[in-house]
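The residues making up each chain are set out below.
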Amino acid sequence: MNKFLSIALLLFIGLTTNAQDKKAKVLLDEVTAKIKSYKNITIDFKYTLNNAKENINQDSKGNVVLEGNKYVLNFMGVTKIYDGKKTYTIVPEDEEVTISSVNDSDEKAITPSKMLTFFNSGYKFTWDILQDIKGRKIQYIKLTPTNSKDQRKEILLGIDVQTKTIYNLIEIGKNGTKTTLTVNSFKTNQPLSKNQFTFVASKYPNYYINKLD
């Protein structure tokens with residue numbers, strides 16, 4: 001009888017886990033569909049890095065404007081513009097602009113636009129905790145990289161249950177480093193300038209232009 005109960009319990013746990021994984025997949029698909037439905041997205045975010053062993057605690061803020069695969073990212077004093085063909089990295093501190101080509105079809109190429117849907121490949125996902133954060137129901141999905149060489153142990157993706165948008169992303173490294181990206185403001189379909197994703201060299205007359213290709 002005990003053996004039968006053990007088998008039944010293992011079967012029940014297996015079925016429950018499978019059902020939760022399916023729930024996680026459904027929610028992630030809803031987030032992806034929602035992201036792709038917008039013409040453009042403007043995000044203000046906070047980035048936190050912690051490593052207790054190394055006594056590292058860093059906070060930074062940034063913002064990004066996305067339209068299709070194009071983007072303008074401002075983070076840690078650096079501006080990155082991607083016009084669909086080339087990336088322009090503008091560093092005011094060094095008065096330098098680096099221009100490089102990006103193959104957007106390259107699956108390994110990481111861009112801000114892909115960061116909103118990165119979870120669609122390369123991860124196992126499981127249903128995690130539900131938290132109430134300032135009146136918002138945030139459902140967490142745990143993502144585990146399938147590549148054993150990945151230096152990340154796991155990622156917790158917090159999703160607003162009502163809006164189906166990403167609230168935060170908590171990345172835990174195998175070395176104990178924890179990084180958290182929290183979305184402070186999420187706006188969609190904003191009126192953008194025609195030159196929003198265009199690099200205008202005349203704005204940087206004294207900058208060194210470094211063309212990598």
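Quick caveat: nothing in here was measured; it's all calculated off a predicted structure. Note that residues are indexed from 1 along each chain, following the sequence as it is written. This being a predicted model, a pLDDT of at least 70 is required before a residue's local features are given, and a value of 80 or more before pairs of side-chain atoms are given or counted; all residues contribute to the totals for chains, interfaces and linings. Just so you know, side-chain values use all the structure's heavy atoms and leave hydrogens and water out.

Colleague: What am I meant to see in the nonpolar core here?
Modeller: Side chains of a nonpolar character, in soluble globular proteins, are inclined to be buried together. By size, the foremost hydrophobic cluster in this structure holds 26 residues, and its most contacted members are Phe 118, Phe 119, Leu 143 and Leu 157. By the criteria applied, helices consist of DSSP H or I runs no shorter than four residues and strands consist of E runs no shorter than two, each listed in order from the N terminus. Of all the secondary-structure elements, those providing two or more residues to this core are α1 (2-37), β1 (41-51), β2 (56-67), β3 (70-75), β8 (136-145), β9 (152-160) and β10 (166-173). In what follows, residue pairs with any heavy atoms lying within 4.5 Å of each other are defined as contacts. Filtering out sequence-adjacent residues up to four positions away, Leu 157 remains in contact with Leu 28, Phe 118, Phe 119, Gln 139, Tyr 140, Ile 141, Leu 143, Ile 166, Asn 168 and Leu 169. Take the buried residues of types Ala, Val, Leu, Ile, Met, Phe, Trp, Tyr and Cys, join any two whose side-chain atoms come within 4.5 Å, and each joined set is a nonpolar core. Burial classification: accessible surface area is computed with a 1.4 Å probe over protein chains only, and a residue below 20% of its type maximum counts as buried, one above 50% as exposed, and the rest as partly exposed. Judged by nonpolar contacts, the second largest core, of ten residues, contains Val 65, Val 72, Ile 90 and Phe 199.

Colleague: What should I look at first to understand the environment of Thr 163 in this one?
Modeller: For Thr 163, the position within the fold is in the loop between β9 and β10. Separated by 27 residues in sequence, Thr 163 and Arg 136 place their C-alpha atoms 9.7 Å apart. Under this definition, polar contacts are N or O atom pairs within 3.5 Å; protein pairs additionally need one hydrogen-donor-capable and one acceptor-capable atom, and for neighbouring residues in sequence, both atoms have to be side-chain atoms. Only 2.7 Å separates the side chain of Thr 163 from the side chain of Thr 165, close enough to count as a polar contact.

Colleague: Could you clarify how one ought to interpret the sheet that holds strand β4 (residues 78-82) in this entry?
Modeller: Remark on secondary structure: sheet strands pair via backbone hydrogen bonds, oriented parallel or antiparallel. Strand pairing is assigned whenever DSSP identifies at least 2 bridges connecting the two strands. Read across the open sheet, the twelve strands follow the order β7-β8-β9-β10-β11-β1-β2-β3-β4-β5-β6-β12; overall the sheet is mixed. The sheet is open, and its two edges are formed by β7 (123-133) and β12 (208-211), each paired on a single side. In this sheet, neighbouring strand axes are inclined to one another by 15 degrees on average, regardless of whether the strands run parallel or antiparallel. For β1 and β2, the ladder comprises eleven bridges, and the chain directions are antiparallel. Directly across from Thr 48, in β2, lies its bridge partner Asp 59. Axis angles are defined between N-to-C directions and span 0 to 180 degrees, where every axis is a line fitted to C-alpha atoms and, for a helix, only to the segment in contact.

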